[in-house]
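Next come the chains, spelled out residue by residue.
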Amino acid sequence: MGGGEPVLEVRDLRTYFPTMRGTVKAVDGISFTVLEGETVGLVGESGCGKSTAALSIMRLVPAPGRIVGGEVLLRGRDLLKLSEAEMRGVRGARIAMSFQDPMTFFNPVMRIGDQIAEGIIRHQRLSRREAWEKVISTLEVVGIPSPRDVAMSYPHQLSGGMRQRAMMAMALSCHPELMIADEPTTALDVIIQAQLLELMKDLKRELGMSSLIISHDLGVIAELCERVAVMYAGKIVEYSDIRRILREPRHPYTVGLLESIPRVGFKKERLIGIEGSVPDLIEPPPGCRFSPRCKYADEKCKEDPQLIELEEGHYVLCHHPVMGGG
Amino acid sequence: MGSSIERLSLGRLERYSRGLRGFWRSYSRNRPAVMGLAILFLLTATAVLTDLLDPYNPFGIYPSEVLLPPSFSHPFGTDDLGRDILKLVMFGSKTSLLVGFSAVFIASSIGIIVGALSGYYGGRVEDILMRLTDMLLIIPNFFLILLIVALFGSSLRNVVLVIGFMTWPGTARLLRSTFLSLREQEFVQAARVVGASHLRIIFRHLLPNGIYPVIVNSSLQVGSAILTEAGLSFLGLGDPSLVSWGRMLSIAQMYVRRAWWMAAFPGAAIFITVMAFNLIGDGLNDALNPRLRER
């Protein structure tokens, strides 16, 4: 699948947060590509820098954070070199983004329809009336049964699932080339999650849109994505297509992530977590950042590992890649 | 054509009136606040109607009617120049309301802009604007107002401008603190993501969320602006060409043993007016505070 032109290329992106204690390297030199029509997942535990990576692509890193290096190419054009005004024309129109919590995502004192129309009016220069017509048709696309009523409601009058759909509509309303979804299902219960995943798959099939899905949930990523990048402590530690990651994970961290997912039908199996927690990003451990939690770690892991291509399109940042399946 | 937009605007009108009704329902539960509003209506009506119905000259001199106690023909008595106190009090209401509302309009406008900008942008913008605010806050307000009026003359315009330009720091601080928490809300990020500019976020997204405390505060400020004007006039620094409750009090000092009514009625008018605005502020707080409002 995919295989077309690259829509988004991220090269050696670095986003640092200066703090009183030192510099937090939240995103420390990550590179990945999203091809035309492709869905790429960015997976990792809380605090590994995946949301910061997404905000860096939008150039909306909250202060005091700053993008200190790298390139973000949207169809070959470096977004980091655009002026702020040009960047506003990109946000919403060419790259859209949805967030984890649809309750706080919407302005509580503005109607849903007005909020969705805002981007349409700004980017497509339509009148208010035309924009509202588009709002209603977009709400229909995301499977909202009575789009007119929903457009007229305030956020607190909608259920969580409805809000999540309305947020998708908001992101889709200007036909972006790339959609970034930050934890799209995390705040929802399982049934609504399943419905939303179905919707996202449908949309992907119908619109052929490229997207970047950010989640801590490998299950969600596996449902939606063709390729996946596993992030740990600001770096991408493994990058491959989803089947290979699931069947033959090479990085010990990815192995640990997969082992910590409960599987139906394997009753006697004990869930294995990963010992320890995400390292301090101000003074990360020398060499491989996962080494203090890694059971394969040895002296060599005190040196910085290089990203190696084990097979075609399967990259691992590790001195001792796991062989023969997890 | 247009059927849907008609539906939309009809819906908006309907929701607006429903919102208004909901607001009134919770406001009217506070009885004193309703009384405050009634007093304000009465005052406004007096201020408007005195001019229209009775082109009586409040500056005339009536030697035969000097210092008469309250009676049927002069319910509030007369002053040292024989003028009817009731009529003077009625004329005075115009000055007070004019000063109160226009000074607060100026103060709120400045306060909203300063507070919104410093709360939203933070950093150096906030440092500069807030130090300026602090500077105004530490200067004893009344004395600075006194000084400026003494230096630049005491026309009504000057009094209004001075009160307006001296009393915005409270509003600015109030809105800044609201904006500090509002700007962290995710919907700000969301608006940025669809390409909204900073000014648009400030005025379209954040201000409607944070304006209620400012409205409440402003209604209280009207009361204190009226009091400040009365104080200035009492010290002889009000506009000499206007009837003002404060000036009436000032003159009444000299006769307070012989003619208590000269001080009592304008004093009562000031008290009642300021109290009315405080009651209204209290009621607005109850009605606009989302935590107290029923869902």
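Described below are features of the structure shown in this document. (Residues numbered from 1 in each chain as written. Chains lettered and ligands numbered in written order. Predicted model: local features only at pLDDT ≥ 70, side-chain atom pairs only at ≥ 80, totals over all residues. Heavy atoms only, no water.)

### Quick word on the pattern of salt bridges
In total, this model carries 34 salt bridges over all chains according to the counting rule given. We note a salt bridge from E36 of chain A to R75 of chain A, for which the minimum N-O separation is 3.1 Å. Of this pair, E36 of chain A sits in the loop between β2 (23–35) and β3 (39–43) while R75 of chain A sits in the loop between β4 (66–74) and β5 (77–78), placing them 39 residues apart in sequence. In this structure R75 of chain A comes out as partly exposed when scored by relative accessible area, which is 37%. Residues D134 of chain B and R173 of chain B are paired through a salt bridge, measuring 2.4 Å at the closest nitrogen-oxygen approach. In this pair, D134 of chain B is assigned in helix α4 (residues 123–138) and R173 of chain B in helix α7 (residues 168–182), connecting sequence segments 39 residues apart. Relative accessible area serves as the criterion here: at 23%, D134 of chain B is assigned to the partly exposed category. Note on R173 of chain B: relative accessible area 30%, which makes it partly exposed. Taken together, the shared-partner salt bridges connect D12, R14, D28, K235 and R289 of chain A into one network. (Salt bridge = Lys/Arg side-chain N within 4 Å of Asp/Glu carboxyl O. Helix = DSSP H or I, 4+ residues; strand = E, 2+ residues; numbered from the N terminus. Buried < 20%, exposed > 50% of the residue type's maximum accessible area, 1.4 Å probe, protein only.)

### So, the packing of helix α3 (residues 85–121) of chain B against helix α9 (residues 198–234) of chain B
For the pair α3 of chain B and α9 of chain B, interaxial distance at closest approach is 7 Å and the crossing angle is 145°. Between α3 of chain B and α9 of chain B lies a crossing of right-handed hand. (Axes fitted to C-alpha atoms, helices over the stretch in contact; angles between N-to-C directions. Left-handed = near helix turned anticlockwise from the far one by under 90°.)

### Comments concerning the interface of chain B and chain A
Counting residues at the interface gives 25 residues for chain B, matched by 34 residues for chain A. Our count for the contact surface shared by chain B and chain A stands at 2 salt bridges. Where E118 of chain A meets R200 of chain B, a salt bridge forms, and the shortest distance between an N and an O atom there is 2.6 Å. Where chain B packs against chain A, one counts 7 residue pairs in polar contact (both at pLDDT 80 or more). Counting residues per element, the ones that place at least two in the side of chain B that touches chain A are α1 (3–28), α8 (186–193) and α9 of chain B. Ranked by the residues each element gives to the side of chain B that touches chain A, the list is headed by α1 of chain B, at 7 residues. (Contact = heavy atoms within 4.5 Å. Polar contact = N/O pair within 3.5 Å; in protein donor to acceptor, adjacent residues only side chain to side chain.)

### Quick word on helix α6 (residues 156–166) of chain B
Residues and elements named next belong to chain B. Of all 11 residues in α6, 8 are buried; the element is thus mostly enclosed. Buried within α6 we find L156, N158, V159, V160, V162, I163, G164 and M166. In this fold, the buried residues of α6 make contact with α3, α4, α5 (141–152), α7 and α9.

### What to know about the sheet that holds β5 of chain A
Residue and element names in this part refer to chain A. Pairing in this open sheet of 4 strands is antiparallel, and the strands run β2-β1-β4-β5 from one edge to the other. The outermost strands of the open sheet, each flanked by one partner alone, are β2 and β5. This element, helix α1 (residues 50–57), spans β1 (6–18), β2 and β4 of the sheet and lies at about 115° to β1. (Pairing = 2+ DSSP bridges.)

### Points about the packing of α9 of chain B against helix α10 (residues 245–252) of chain B
Residues and elements named next belong to chain B. Look at α9 against α10: their axes get within 7 Å of each other, and the N-to-C directions meet at 35°. The two elements α9 and α10 meet at a crossing, and its hand is right-handed. Residues A230, S233 and F234 of α9 pack against G246, R247, L249 and S250 of α10. When grouped by side-chain class, the residues that make up the contact of α9 with α10 number 3 nonpolar, 3 polar and 1 charged. (Nonpolar A, V, L, I, M, F, W, Y, C, P; charged D, E, K, R; others polar.)

### A few points about the layout of surface pockets
Considered as a void within the structure, the second largest pocket measures approximately 740 Å³ in volume. Looking at the lining of the second largest pocket, the elements with two or more residues in it are α1 of chain A together with α3 and α8 of chain B. The leading source of residues in the lining of the second largest pocket is α8 of chain B, at 4 residues. Of the residues assigned to the lining of the second largest pocket, the class counts are 10 nonpolar, 7 polar and 7 charged. (1 Å grid on protein atoms, 1.4 Å probe; cavity = no way out; pocket = protein on both sides within 12 Å on 5 of 7 lines; lining within 4 Å. Points joined across faces, edges and corners; volume = space filled by probe spheres on them.)

### Considerations on unusual backbone geometry
Residue and element names in this part refer to chain A. Residue P64 follows A63 across a cis peptide bond; omega there is 0°. Note on placement: P64 falls in the loop between α1 and β4. In this model, R59 sits at a positive phi of 55°, which is unusual for a non-glycine residue. Mapped onto the secondary structure, R59 falls in the loop between α1 and β4.

### Focus on the packing of aromatic side chains
What characterises a pair of aromatic rings is the spacing of the ring centres plus the angle enclosed by the ring planes. Taken as a whole, this structure holds 13 aromatic pairs over all chains when the rule is applied. Centroid distance Y232 of chain A to F290 of chain A: 5.1 Å. Interplanar angle 85°. Geometry classified as edge-to-face. Here the residue Y232 of chain A occupies a position in strand β9 (residues 227–232), and F290 of chain A occupies one in the loop between α11 (252–259) and β11 (307–311), the gap between them amounting to 58 residues. The class of Y232 of chain A is buried, set by a relative accessible area of 1%. Here a set of aromatic residues connected by ring pairs shows up, and it is made of F76, W260, W261 and F265 of chain B. (Phe/Tyr/Trp six-rings, centres within 6.5 Å; stacked < 30°, edge-to-face > 60°.)

### Some points on the sheet that holds strand β8 (residues 210–215) of chain A
Residue and element names in this part refer to chain A. Strand order in the open sheet formed by 8 strands is β6-β7-β8-β3-β9-β10-β12-β11, with mixed pairing between adjacent strands. Of all the strands in the sheet, just β6 (95–98) and β11 have a single pairing partner and so form its edges. With direction set aside, neighbouring strand axes in the sheet form an average angle of 20°. Of the strand pairs in this sheet, strand β10 (residues 235–241) and strand β12 (residues 314–317) are connected by 2 bridges, and their pairing is antiparallel. Among the inter-strand pairings, Y239 is bridged to a residue of β12, identified as Y315. Sitting on the sheet, α11 is in contact with β3, β9 and β10, with an inclination near 105° to β9.

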